[in-house]
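Observations on chain architecture
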Amino acid sequence: MAIHPTAIVDPRAELGTDVEVLPYCIIEAETVIGDGCVLGPHAVVKRWTELGANCHVSTGAVLGEDPQDRKYKGERSYLRIGSGNQLREYVTLHRASGEEAATVMGDNNMLMAYCHAGHNVQIGSNCSLANCCQLSGHTVIEDNATIGGMTGFHQFVTVGKLAMIGGMSRVNQDVPPFAIVEGNPAEVRGLNV
């Protein structure tokens with residue numbers, strides 16, 4: 001394990017083996033960081049966040065901040081991130097609203113710079129979200145979805161597995177699995193064959 005002397009790591013945080021914590025990173029109490037993770041400069045991991053093995057968290061990312069939800073009253077909730085994820089510069093992932101509820105991400109995803117996942121979001125595995133994708137609360141992204149940059153999602157929208165969404169789309173209703181969609185509002189343009 002390598003922790004830079006300028007990093008602040010609460011002694012109640014659980015860090016796995018071979019974790020690298022770079023300058024000015026902050027890791028709060030009641031967090032779990034899996035084996036082989038790299039936490040970039042100025043990254044912040046807030047309480048009640050769990051990070052699986054071999055994740056790379058880039059500069060300025062904030063994981064597990066309180067939900068941006070007026071209903072949230074300080075109850076214990078979670079952010080659970082699987083293994084092998086790449087969370088690039090300034091990604092923000094918020095905990096869930098609701099006692100013991102969780103915002104959840106699977107394995108082997110890439111969220112490019114400035115992506116945001118709000119409270120109670122569910123992201124499957126093997127998804128790619130290009131720069132500046134914005135997922136409102138309760139959005140569900142199923143496995144193997146590919147989403148173009150600067151795409152916005154309305155609350156409670158579900159994106160089916162292997163769907164592809166064109167950049168700068170406005171997704172305000174569910175996207176079927178295997179569909180190719182784009183536009184404002186997003187419309188089905190074909191099948192992802």
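The structure presented is a predicted model; accordingly, all values stated were derived computationally and were not measured.

Description of the environment of G52
Tracing the backbone shows G52 in the loop between β9 (49-51) and β10 (56-57). For the pair formed by G52 and I33, sequence separation is 19 residues and the distance between their alpha carbons is 6.5 Å. Those residues in contact with G52 that lie beyond four places of it in its chain are G34, C37, I81, G82 and S83.

As for the sheet that holds strand β17 (residues 116-117)
The strand order β2-β5-β8-β11-β14-β17-β20-β23-β26 describes an open sheet built from 9 strands, whose pairing is parallel. Of all the strands in the sheet, the pair left with one neighbour each is β2 (8-9) and β26 (170-171).

Digging into the environment of Y78
Note on placement: Y78 falls in strand β12 (residues 78-81). A C-alpha to C-alpha distance of 30 Å links Y78 and G166, two positions 88 residues apart in sequence. Apart from the residues within four sequence positions on either side, Y78 is in contact with W48, E50, R95, A96, E100, A101, A102 and T103. Within the structure, Y78 has its side chain in polar contact with the side chain of E100 (distance 2.8 Å).

Observations regarding the side chain of T151
One can find T151 in the loop between β22 (146-147) and β23 (152-153). With residues up to four places along the chain from it excluded, the contact list for T151 reads C132, C133, Q134, I165, G166, G167, M168, S169 and V171.

Looking at a nonpolar patch on the surface
A surface patch of nonpolar side chains, amounting to about 440 Å² of accessible area, comprises L162, F178, L191 and V193. Along the polypeptide, V193 turns up in the segment after β28 (186-191).

Thoughts on the packing of aromatic side chains
For the structure shown, the criterion picks out 1 aromatic pair. Aromatic side chains Y90 and Y114 sit 5.4 Å apart centroid to centroid with 15 degrees between the ring planes, which places their arrangement in the stacked category. Placement of the pair is Y90 in the loop between β13 (86-87) and β14 (92-94) and Y114 in the loop between β16 (110-111) and β17, with a sequence separation of 24 residues. Assessed through its relative accessible area of 39%, Y90 is described here as partly exposed. Geometry around W48 places R47 over its ring, the cationic atom sitting 3.9 Å from the centre. The ring of Y78 carries R80 above its face, with NZ or CZ at 4.3 Å from the centroid.

Remarks on the sheet that holds strand β25 (residues 164-165)
Spatial ordering of the open sheet is given by β1-β4-β7-β10-β13-β16-β19-β22-β25-β27-β28, a layout of 11 strands whose pairing is mixed. Where the open sheet ends on each side, the last strands, each with one partner, are β1 (2-3) and β28. Inspection of the sheet shows β25 paired to strand β27 (residues 179-183) by 2 bridges, in the parallel sense. From the neighbouring strand, I165 faces β27, where its bridge partner is V181.

Things to note about the pairing of β28
When a strand is regular, its side chains alternate between the sheet's two faces. Pairing of β27 with β28 involves 5 bridges; the strand directions are antiparallel. Following the sheet pairing, V181 is matched in β28 by V188. Where β27 folds back onto β28 in an antiparallel hairpin, the turn is made up of 2 residues.

So, unusual backbone geometry
Geometrically, the link from N184 to P185 is a cis peptide bond, its omega value of 0 degrees lying close to zero. Checked against the element boundaries, P185 lands in the loop between β27 and β28. Even without a glycine there, the phi angle at Y24 is positive, about 65 degrees. Locating Y24 in the fold gives a position in the loop between β4 (20-21) and β5 (26-27). On the accessibility criterion, Y24 (49% relative accessible area) is partly exposed.

Scoring rules and cut-offs
Residues numbered from 1 in each chain as written. Predicted model: local features only at pLDDT ≥ 70, side-chain atom pairs only at ≥ 80, totals over all residues. Heavy atoms only, no water. Helix = DSSP H or I, 4+ residues; strand = E, 2+ residues; numbered from the N terminus. Contact = heavy atoms within 4.5 Å. Pairing = 2+ DSSP bridges. Polar contact = N/O pair within 3.5 Å; in protein donor to acceptor, adjacent residues only side chain to side chain. Patch = residues over 30% accessible without salt bridge, like charges linked within 9 Å, V, L, I, M, F, W, Y side chains within 5 Å. Areas by Shrake-Rupley, 256 points an atom, 1.4 Å probe, with all protein chains shown as cover. Salt bridge = Lys/Arg side-chain N within 4 Å of Asp/Glu carboxyl O. Phe/Tyr/Trp six-rings, centres within 6.5 Å; stacked < 30°, edge-to-face > 60°. Buried < 20%, exposed > 50% of the residue type's maximum accessible area, 1.4 Å probe, protein only. Lys NZ or Arg CZ within 6 Å of the ring centre and 35° of its normal.

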